[in-house]
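Summary of structural features
Here's the letter readout for the chains.
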Amino acid sequence: MPQMKNIVSALSPLKPGECLSVQSEVSDRFAGTIHYQEDYELHLIEGAAGAKRIVGDRITTISDAELVLIAQSNLPHAWMRGRCAKGSHTVIEVHFREELFAGIADKLCFDGIRHLLELAASGLVFSPAMTARIRQDLIYLSATQDKLQQYTLFLNILNRLTEDTAAERIVGPGYVWDRDSQDSQSIATVKDYIFAHYNEEIYLKTLADLVGVEEQWLSARFKYKTGNTINDYINQVRLSHVARRLMNTEDPVATIANECGFPNLANFNRHFKRIKGTTPVAFRREYRTAKI
């Protein structure tokens, strides 16, 4: 059984403004990292008989050719070498998002594709017959550089996949992956690190490596979960330590700032006034006046 704590968020190959990306490669490597992405993914893998496919809580030994569709975000997945003895295998990956179907998804002619994408929430492995039928279309899709041609060809591929009555769901209806729980644990780990190292230089890459995710994902997820950017959160933690020392010690402001992670005094004063609404000296004076 795969260790669910090792699931990571993989960076999407889709560039800003793109809704469809097609990649093809011949490789002797299996990434083997259990991951999820914010895309739908269609994978054609050939020449990897004996390799292991992990989707959700299912581990399966694959045949010489398989075609799998996975819904965006829902299913952690990976392919691992297992007992694959061949030196290399071919992979065609198609990544796409729902925006690809903007303006047509509500049309009656789209019902079959819409149902296909709903089923992909459980992961779909297509029959050997369909895989053989669709193989050449996917090869052609990966070879063409014309974006409009890619789009129309891919819609045709999806439409043909709706005809596969022998396609099988990969995980059962009882499968649950608490991604929010995992996200929360990652955010908690990042916060713990910031609290322990607030007086040091803290790099985004260090935090991302700490929880095994991409920097871009961590930045976006931290903001979504906390309402603050990582830099703002770090500064708030530092300033809370500054405030306590201003209230409880006679240490010079410059010394406190430096020892709490603000080596640049001008930068410190700017952050302090933005967060606290006053200057450090005025803050200390106001606190002492309030105590009298």
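Here the structure is shown first, and the text comes after it.
Residues numbered from 1 in each chain as written. Predicted model: local features only at pLDDT ≥ 70, side-chain atom pairs only at ≥ 80, totals over all residues. Heavy atoms only, no water.

Core analysis: the largest hydrophobic core is formed by 32 residues, its most contacted members being Leu 42, Val 94, Phe 96, Phe 126, Leu 138, Phe 154 and Leu 161. At the level of secondary structure, the elements contributing two or more residues to this core comprise strand E2 (20-27), strand E4 (40-46), strand E7 (65-70), strand E9 (89-96), helix H1 (111-119), helix H2 (128-143) and helix H3 (147-161). Of the residues forming this core, the biggest block, 6 residues, is contributed by H3. Setting aside chain neighbours within four positions, we find Phe 154 in contact with Leu 20, Leu 42, Val 94, Phe 96, Leu 100 and Leu 141. Ile 234, Leu 246, Phe 268 and Phe 272 belong to the second-largest nonpolar core, a separate cluster that totals 29 residues. (Core = buried A, V, L, I, M, F, W, Y, C linked by side-chain atoms within 4.5 Å. Buried < 20%, exposed > 50% of the residue type's maximum accessible area, 1.4 Å probe, protein only. Helix = DSSP H or I, 4+ residues; strand = E, 2+ residues; numbered from the N terminus. Contact = heavy atoms within 4.5 Å.)

What follows is about the sheet that holds strand E11 (residues 168-169). The strand order across the open sheet formed by 6 strands is E2-E9-E4-E7-E10-E11, and the pairing between neighbours is antiparallel. For this open sheet the edge positions go to E2 and E11, each flanked by a neighbour on one side alone. Alignment of E4 against E9, held across 7 bridges, turns out to be antiparallel. Within E9, the residue paired with Ile 45 across the bridge is Val 91. (Pairing = 2+ DSSP bridges.)

As a further point, take the pairing of strand E6 (residues 58-61). Each regular strand carries side chains that alternate between the two faces of the sheet. With 4 bridges joining them, strand E5 (residues 52-55) and E6 adopt antiparallel strand pairing. Bridge pairing links Val 55 to Arg 58 in E6. Following E5, the chain reverses through 2 residues before pairing antiparallel with E6; Gly 56 in that reversal takes a positive phi of roughly 60°.

All chains considered together, the criterion is met by 9 aromatic pairs. Centre to centre, the rings of Tyr 40 and Phe 96 are 5.2 Å apart; their planes meet at 15°, and the pair counts as stacked. Of the two residues, Tyr 40 is situated in strand E4 and Phe 96 in strand E9; the sequence distance between them amounts to 56 residues. For Tyr 40, a relative accessible area of 6% translates into the label buried. Aromatic side chains Phe 96 and Phe 154 sit 4.9 Å apart centroid to centroid with 65° between the ring planes, which places their arrangement in the edge-to-face category. Of this pair, Phe 96 sits in strand E9 while Phe 154 sits in helix H3; the two residues are 58 residues apart in sequence, bridging distant segments of the chain. On the accessibility criterion, Phe 154 (0% relative accessible area) is buried. Taken together, the ring pairs in this structure connect Tyr 40, Phe 96, Phe 101, Phe 110 and Phe 154 into an aromatic cluster. Directly above the ring of Phe 262 sits Arg 238, whose terminal nitrogen or CZ lies 5.8 Å from the centroid. (Phe/Tyr/Trp six-rings, centres within 6.5 Å; stacked < 30°, edge-to-face > 60°. Lys NZ or Arg CZ within 6 Å of the ring centre and 35° of its normal.)

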